[in-house]
Amino acid sequence: MRILVIGGGGREHAIVLALSRDPAVTALACAPGNAGTAALAEPYAVDVSDPQQIVQLAKEWRADLVVFGPEVPLVAGAADAVRAAGIASFGPSGQAARIEGSKAFAKEVMQAAGVPTAQSLVVDNPAKLDTALAEFGPTWVVKDDGLAAGKGVLVTSDFDAARAHALKLLDGGHPVLLESFLDGPEASLFCLVDGTTVVPLLPAQDFKRVGDGDAGPNTGGMGAYAPLPWAPDDLVDTVVRTIVQPTVDELARRGTPFSGLLYTGLALTSQGPQVIEFNCRFGDPETQAVLALLKTPLAGLLNAVATGSLAEQPPLEWADEAAVTVVVAAEGYPGRTRVDEVISGADLPGVLHSGTRRREDGAVVSAGGRVLSVVATGPDLEAARNAVYERVGQVHLPGSHYRTDIALRAARGEIAVPTA
Ligand code: AMP
Ligand code: GLY
């Protein structure tokens, strides 16, 4: 099978690495990729927001399967365009991708499907803002109703800050989504979905804030671990039964079935798991941890999703271990970041590349905010943490920063789901 992976982050490096180990894969390409994927998959330049460029590359390269990493091409309808060209595609249609692309659409689907989630209200007129804010908070949750890569969200108990954030979004022409605040630890559950059948992967936890102890602004994700030793044994079954399957059934009922990876971001509240958000693709950096534990060959699974035969797959096999990934970010991230710094240690085992490129002189240099995702496994979280931080200590990027507390509270047994 010739597989073309679209994207160029740590998630795509993890996907490419897993595919490269699958004997069913005869050729791999990753576009645009990064310096890490280029060691395993042929690199091609592509504008991921342009479906026609992706289709042209898939045809010219004679791909049997196109695997989409990021949401941008999916929301733009690139998976539809690839399928229309007669090539199998791992990733939802543009219509189904609205589950991520429009938070208002996701809320509407959840309401129709009876899926537990925060109360919400869309405000598109500044004149209605103050009344609306009075109905929510404290604590206020103010979101941009559109793609914002986790960065358009403000969670605050400060009324003035909530109001200012909402006004800034409205000024920029973005409708604002207000939500009730969900308490409890967060979890990410990835499910393979072929339109009807749902196959969950291991649950993971992501660290969205930039600093230790969840200080500072939200980011795309600074680290992750899997599985969740503190989670109730029935967590995955409960989430599939009460959230994922009803959502998948509702999308199918509307004539826009979801095929690809449905990411459920959850708050595990005293009232049970509730949805914070859906994404229409693998999460970054959770994928780096989750795929490090998957023993089932990945290509066959992704192909089964793309061809609607997930129900015929044998149960997934997992390593009985824990995995931790730590993101090494560029100076200034998640604000203005410095790029083109030379990285050393980028080729060490367990070092996945997020924003990197190879310079003409052969040096690997930074090319984005999140630069590396270092990953390690171990018999338990503490061992995996020790291993991953030892590896982080072996990479060097001037001015970079990373969180030192990824999976720490979980390893210490300090996380608990609140009880009613
Ligand atoms: P989102 O972009 O919707 O995933 O939001 C980013 C982050 O904001 C989430 O990972 C949560 O930490 C936080 N968040 C979003 N919505 C809520 C909510 N309703 N209640 C509590 N925290 C939230
Ligand atoms: N890790 C969060 C995301 O991929 O959206």
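Rules used throughout
Residues numbered from 1 in each chain as written. Chains lettered and ligands numbered in written order. Predicted model: local features only at pLDDT ≥ 70, side-chain atom pairs only at ≥ 80, totals over all residues. Heavy atoms only, no water. UniProt positions renumbered as here; feature names shortened; annotations may be inferred. Pairing = 2+ DSSP bridges. Helix = DSSP H or I, 4+ residues; strand = E, 2+ residues; numbered from the N terminus. Axes fitted to C-alpha atoms, helices over the stretch in contact; angles between N-to-C directions. Near = heavy atom within 4 Å. Polar contact = N/O pair within 3.5 Å; in protein donor to acceptor, adjacent residues only side chain to side chain. Areas by Shrake-Rupley, 256 points an atom, 1.4 Å probe, with all protein chains shown as cover. Nonpolar A, V, L, I, M, F, W, Y, C, P; charged D, E, K, R; others polar. Contact = heavy atoms within 4.5 Å. Expected span 1.5 Å × (residues − 1). Bend = angle between axes of the 7 residues up to and from the residue. Buried < 20%, exposed > 50% of the residue type's maximum accessible area, 1.4 Å probe, protein only. Arc of directions from axis to C-beta. Parallel < 35°, antiparallel > 145°, perpendicular 65-115°, else oblique.

- An unreviewed UniProt entry lists the protein under the name Phosphoribosylamine--glycine ligase, with Saccharopolyspora rectivirgula given as the organism.
- Recorded in UniProt under Pathway (unreviewed entry), the annotation for the protein is "Purine metabolism; IMP biosynthesis via de novo pathway; N(1)-(5-phospho-D-ribosyl)glycinamide from 5-phospho-alpha-D-ribose 1-diphosphate: step 2/2."
- In its Catalytic activity (unreviewed entry) section, UniProt records this for the protein: "5-phospho-beta-D-ribosylamine + glycine + ATP = N(1)-(5-phospho-beta-D-ribosyl)glycinamide + ADP + phosphate + H(+)".

Structural notes on the sheet that holds strand β8 (residues 154–156)
Here's step 1: Strand order in the open sheet made by the four strands is β6-β9-β7-β8, with antiparallel pairing throughout. Looking at which strands have only one partner, the edges of the open sheet turn out to be β6 (120–123) and β8. Pairs of neighbouring strands in the sheet enclose a mean axial angle of 20°, with direction left out of account.
Here's step 2: In this sheet, strand β9 (residues 176–179) lies alongside strand β7 (residues 140–144) in antiparallel orientation, the contact comprising four bridges. Across the sheet, the residue bridging to Val-141 is Glu-179, located in β9.

Things to note about the site of ligand 2
Here's step 1: The environment of ligand 2 is formed by Asp-206, Lys-208, Gly-220, Tyr-263, Asn-279, Arg-281, Gly-283, Asp-284, Pro-285 and Glu-286.
Here's step 2: Arg-281 places a polar side-chain atom, nitrogen or oxygen, 2.9 Å from an oxygen atom of ligand 2.
Here's step 3: One of the backbone N or O atoms of Asp-284 is found 2.8 Å from a nitrogen atom in ligand 2.
Here's step 4: Across the complex, the protein chains shield 91% of the 200 Å² of accessible surface that ligand 2 would expose by itself.
Here's step 5: Class assignment of the residues belonging to the shell around ligand 2 gives a composition of two nonpolar, three polar and five charged.

Quick look at the site of ligand 1
Here's step 1: In the vicinity of ligand 1 lie 16 residues, with Lys-143, Ser-180, Leu-182, Glu-186 and Glu-277 positioned nearest.
Here's step 2: Between Ser-180 and ligand 1, the recorded distance is 2.9 Å, taken from a backbone N or O atom to a nitrogen atom.
Here's step 3: A total of 470 Å² of accessible area belongs to ligand 1 in isolation, and the protein chains cover 94% of it.
Here's step 4: Here the shell around ligand 1 is built from residues that sort into seven nonpolar, three polar and six charged.

So, the sheet that holds strand β15 (residues 223–226)
Here's step 1: In space, the five strands of this open sheet follow the order β12-β15-β18-β22-β19, with antiparallel pairing throughout. The open sheet has two edge strands, β12 (205–206) and β19 (351–353), and neither has a second partner.
Here's step 2: As defined by bridge partners, β19 adjoins strand β22 (residues 370–378) across three bridges and the pair is classed as antiparallel. Paired with His-353 across the two strands is Leu-372, which belongs to β22.
Here's step 3: Each of β19 and β22 is contacted by helix α1 (residues 10–20), which is oriented at about 120° to β19, the strand it contacts most.

Focus on helix α9 (residues 235–253)
Here's step 1: In a regular helix each residue adds 1.5 Å, so 19 residues correspond to 27 Å; α9 covers 26 Å between its end C-alpha atoms and thus fits that length.
Here's step 2: Approximately 40° is the largest bend angle found in α9, and it occurs at Arg-241.
Here's step 3: The complete set of buried residues in α9 reads Leu-235, Val-236, Thr-238, Val-239, Val-240, Ile-243, Val-244, Pro-246, Thr-247, Val-248, Glu-250 and Leu-251.
Here's step 4: Residues of α9 that are buried in the fold lie against α5 (94–101), α6 (103–113), β10 (186–194), β11 (198–200), β16 (259–269) and β17 (272–279).
Here's step 5: Immediately beyond the C-terminal end of α9, within one or two residues, lies Gly-255, with a positive phi of roughly 80°.

A word on the pairing of β10
Here's step 1: Along β10, eight of the nine residues are buried, which leaves the element largely enclosed by surrounding structure.
Here's step 2: Two elements, β10 and β16, share nine bridges in a ladder whose sense is antiparallel. Within β16, the residue paired with Glu-186 across the bridge is Ala-267.
Here's step 3: Linkage of β10 to β11, two consecutive antiparallel strands, is achieved through a turn of three residues, within which Gly-195 is found at a positive phi near 110°.

Here's the deal with helix α2 (residues 51–60)
Here's step 1: Buried residues of α2: Pro-51, Ile-54, Val-55, Leu-57 and Ala-58, and no others. Along the axis of α2, the buried positions cluster into a sector of 165°, meaning they face one direction only. In α2, the exposed residues that point more than 90 degrees away from the buried face are Gln-52 and Glu-60.
Here's step 2: Residues of α2 that are buried in the fold lie against β1 (2–7), β2 (27–32), β4 (65–68), α3 (71–75) and α4 (78–84).

What to know about the packing of α1 against helix α11 (residues 298–306)
Here's step 1: In contact at an axis separation of 7 Å, α1 and α11 are set at 110° when each is read in the N-to-C sense. The pairing of α1 with α11 is recorded here as roughly perpendicular in orientation. Taking contact as the criterion, the partners of Ile-15, Ala-18 and Leu-19 in α1 are, on α11, Leu-298, Ala-299 and Leu-302.
Here's step 2: Considered class by class, the residues forming the contact of α1 with α11 number six nonpolar, no polar and no charged.

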